[in-house]
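Descriptive analysis of the structure
Spelled out, the chains give:
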Amino acid sequence: MPESCIRCMIRSMDVGVRSDLAPGAALRVLPAGVALFSPEESVWQAMLTGWRTQQLARMLRVSTVEGRVRAVERFQQFTGTYPWSWAADDVESWLVSLRMPGLEGGGRSVGTLRNYQSTVAWFCSYLVNPAYGWTDLCGERFGEHPTQICHEGNAIQHIVESEADPRVRPFTRHELQRLFDYADDRVARLDGSGRKGWLAAFRDATILKFIYAYGLRRNESLRVDTVDFHRSPTTPEFGDFASCSVRYGKASKGSPPKRRTVLTVLPWSVEVLQEYLTEVRPRYEPDGNHLFPTERGGRVSGTYLDTRFAEYRDAVGLPPELHLHCLRHSYVTHLVEDGFDPFFVQQQVGHAYSSTTALYTGVSNDFKNRTLRRALDRYIDPHLTAETHDLEMEGDQA
């Protein structure tokens, strides 16, 4: 094709696109003067593309953006209409369908429904913002324009501090021991029978113990590398495993992952890591520094770990509502029960607010009774001593 024709084509594609438009603006993703074969579907897809761009420009994670887009797509499929025709009762009907256990896709938690509603509200706010030009474009093409369909009158109220399933709780120490014993026994059974899989079983058992011993989130534990462990002059008995650098902590919206250093507090965890790194990990022949590699050299996935944990949990007869994250709750609870300062625990798990750490804590009745006894002893003993002294004085005077 002649060079002049190529230049002509490029100029025609740039018609109506202005460099001063905001990322995600309608005229950036759908230039003026372009004939559309299927106007409604084309504009709808352009809206989603523009919203992606707008969110990515705010430095939100790709996974966050794609999750929001999928939620809006599900809402559009439910309504069967496009944003310029949406009304408030559409989102209300959608949320009701997701709430009802008997309906397909129903039985969602209140927190999940609020997140969906907020996502639709954010999408509508983007569409009605004059800076992006969607109301003008839809008015010209369809005679209708998007509006904000989520408002104070139909918003799901956030009344209590925590809306987690009340059945979800930390593991007791006995339950944890049962879980870890089963994981170890599975390794022994597979190895003793000569069956394949003992290597992965050993690795998986180590991951579960590692998550509990350092109070990590699932993804944090799977992103740790062998180079993330360090010595400390304060705890020389832990050798190379005195601390663990968590480089991929949970990020705030629009920010990179938060980093923190978790100090080793459970001596047995050092032995677990040393044995795994010496006897098991080298057998995978990993190319990189992944602490928990797969046979193909990648990292263990979160979905795989959830499945393995559920298998072990069910095998030892623990309640099905207890999930992998309960190991982190157990870490917080057991450190508090063992007398660690609450602020130290908060720093270990990377919580910005002590109230969040408090929600994780579910101390046992035995711990409460011991705490009460100590408090009463501190209060009662001085009074008993004073009363005894007064009686002795009265006897001397008599």
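No experiment lies behind these values; they were computed from the predicted model shown. (Residues numbered from 1 in each chain as written. Predicted model: local features only at pLDDT ≥ 70, side-chain atom pairs only at ≥ 80, totals over all residues. Heavy atoms only, no water.)

Let's talk about the overall build of the protein
- The helix and strand inventory of the protein stands at 16 helices and 3 strands.
- The 398 residues of the protein split such that 38% are buried.
- For the protein, the accessible surface area stands at approximately 22,600 Å², while carbon and sulfur atoms represent 53% of it. (Helix = DSSP H or I, 4+ residues; strand = E, 2+ residues; numbered from the N terminus. Buried < 20%, exposed > 50% of the residue type's maximum accessible area, 1.4 Å probe, protein only. Areas by Shrake-Rupley, 256 points an atom, 1.4 Å probe, with all protein chains shown as cover.)

Points about the nonpolar core
- Ranked by internal contacts, the top residues of the largest apolar core, which has 56 residues, are Phe171, Leu208, Phe210, Tyr214, Phe229, Leu327 and Tyr331.
- Among the secondary structure elements, those contributing two or more residues to this core are α8 (173-192), α9 (198-214), β2 (243-249), α11 (267-280), α12 (302-315), α13 (326-337) and α14 (342-349).
- In terms of residue count, the dominant contributor to this core is α9 (12 residues).
- Discounting chain neighbours no more than four positions away, the residues touching phenylalanine 171 are Leu176, Phe309, Leu318, Leu322, His323, Cys326, Leu327, Ser330 and His334. (Core = buried A, V, L, I, M, F, W, Y, C linked by side-chain atoms within 4.5 Å. Contact = heavy atoms within 4.5 Å.)

Some remarks on the confidence of the model for the protein
- Here the protein averages 86 in pLDDT, while 83% of its residues score no lower than 70.
- Throughout residues 1-16 the model reports pLDDT below 50, and contacts reaching past four residues in sequence, or to other chains, amount to 7 contacts. (pLDDT = per-residue confidence, 0-100.)

Some remarks on the sheet that holds strand β1 (residues 229-230)
- Read across the open sheet, the 3 strands follow the order β1-β2-β3; overall the sheet is antiparallel. Every interior strand has two partners, whereas the edge strands, β1 and β3 (258-263), have only one.
- For β2 and β3, the ladder comprises 5 bridges, and the chain directions are antiparallel. Looking at β3, one finds that serine 243 is bridged to leucine 263. (Pairing = 2+ DSSP bridges.)

Describing helix α7 (residues 134-142)
- For α7, the full list of buried residues reads Trp134, Thr135, Leu137 and Cys138. Burial along α7 is one-sided: seen end-on, the buried residues are contained in an arc of 165 degrees. Residues of α7 that are exposed and point more than 90 degrees away from the buried face comprise Asp136 and Glu140.
- Looking at the packing, one finds that the buried side of α7 touches α2 (26-29), α3 (39-57) and α6 (110-128). (Arc of directions from axis to C-beta.)

Things to note about the pattern of salt bridges
- Summed over all chains, the structure comprises 17 salt bridges.
- Among the ionic pairs, arginine 173 bridges to aspartate 338, the shortest N-O distance being 3.0 Å. Here aspartate 338 lies in the loop between α13 and α14 and arginine 173 lies in helix α8, a separation of 165 residues in the sequence.
- For arginine 260, the salt bridge goes to glutamate 220, with nearest N and O atoms at 2.9 Å. Taken together, the residues span a long stretch of sequence, with arginine 260 in strand β3 and glutamate 220 in helix α10 (residues 218-222) at a distance of 40 residues.
- One network of salt bridges, in which partners are shared, links Arg186, Arg203, Asp204, Arg308 and Glu311. (Salt bridge = Lys/Arg side-chain N within 4 Å of Asp/Glu carboxyl O.)

Remarks on α14
- Listing the buried residues of α14 in full gives Val345, Gln346, Gln348 and Val349. Take α14 and look down its axis: the buried residues cluster within an arc of 160 degrees, on one side only.
- At its buried positions, α14 is contacted by β3, α13 and α15 (354-360).
- Positive backbone phi, approximately 80 degrees, marks glycine 350, located one or two places after α14.

What about the packing of aromatic side chains?
- One pass over the full model with this rule turns up 25 aromatic pairs.
- Note on tyrosine 212 and tryptophan 268: the rings are 6.3 Å apart at their centroids and 10 degrees apart in plane angle, and the pair reads as stacked. One end of the pair, tyrosine 212, is in helix α9; the other, tryptophan 268, is in helix α11, with 56 residues separating them in the sequence.
- Since its relative accessible area comes to 9%, tyrosine 212 is described here as buried. (Phe/Tyr/Trp six-rings, centres within 6.5 Å; stacked < 30°, edge-to-face > 60°.)

Brief notes about the packing of α3 against helix α4 (residues 62-79)
- Direction vectors running N to C along α3 and α4 enclose 155 degrees, while the axes themselves pass 10 Å from each other. Considering their axes alone, α3 and α4 lie roughly antiparallel with respect to each other. Here α3 runs over α4; the crossing is right-handed. Residues Trp44, Leu48, Trp51, Arg52, Gln55 and Leu56 of α3 form the contact with α4, whose participating residues are Val62, Val65, Glu66, Arg68, Val69, Val72, Glu73 and Gln76. (Axes fitted to C-alpha atoms, helices over the stretch in contact; angles between N-to-C directions. Parallel < 35°, antiparallel > 145°, perpendicular 65-115°, else oblique. Left-handed = near helix turned anticlockwise from the far one by under 90°.)

A look at the side chain of aspartate 204
- Within the secondary structure, aspartate 204 sits in helix α9.
- At a separation of 3.1 Å, a polar atom in the side chain of aspartate 204 contacts the side chain of arginine 308.
- Not counting the four nearest positions on each side in its chain, aspartate 204 is found in contact with Tyr304, Arg308 and Tyr312. (Polar contact = N/O pair within 3.5 Å; in protein donor to acceptor, adjacent residues only side chain to side chain.)

Let's talk about the environment of arginine 28
- By secondary structure assignment, the location of arginine 28 is in helix α2.
- Each C-alpha atom of the pair arginine 28 and glycine 50 lies 8.0 Å from the other, and the pair is 22 residues apart in sequence.
- In this structure the side chain of arginine 28 is engaged in a polar contact, spanning 2.8 Å, whose partner is the backbone oxygen of leucine 21.

Description of the side chain of threonine 119
- Here threonine 119 lies in helix α6.
- One polar contact links the side chain of threonine 119 to the main-chain carbonyl oxygen of asparagine 115, over a distance of 2.8 Å.
- Other than its neighbours up to four places away in sequence, threonine 119 contacts Trp51, Arg68, Ala71 and Val72.

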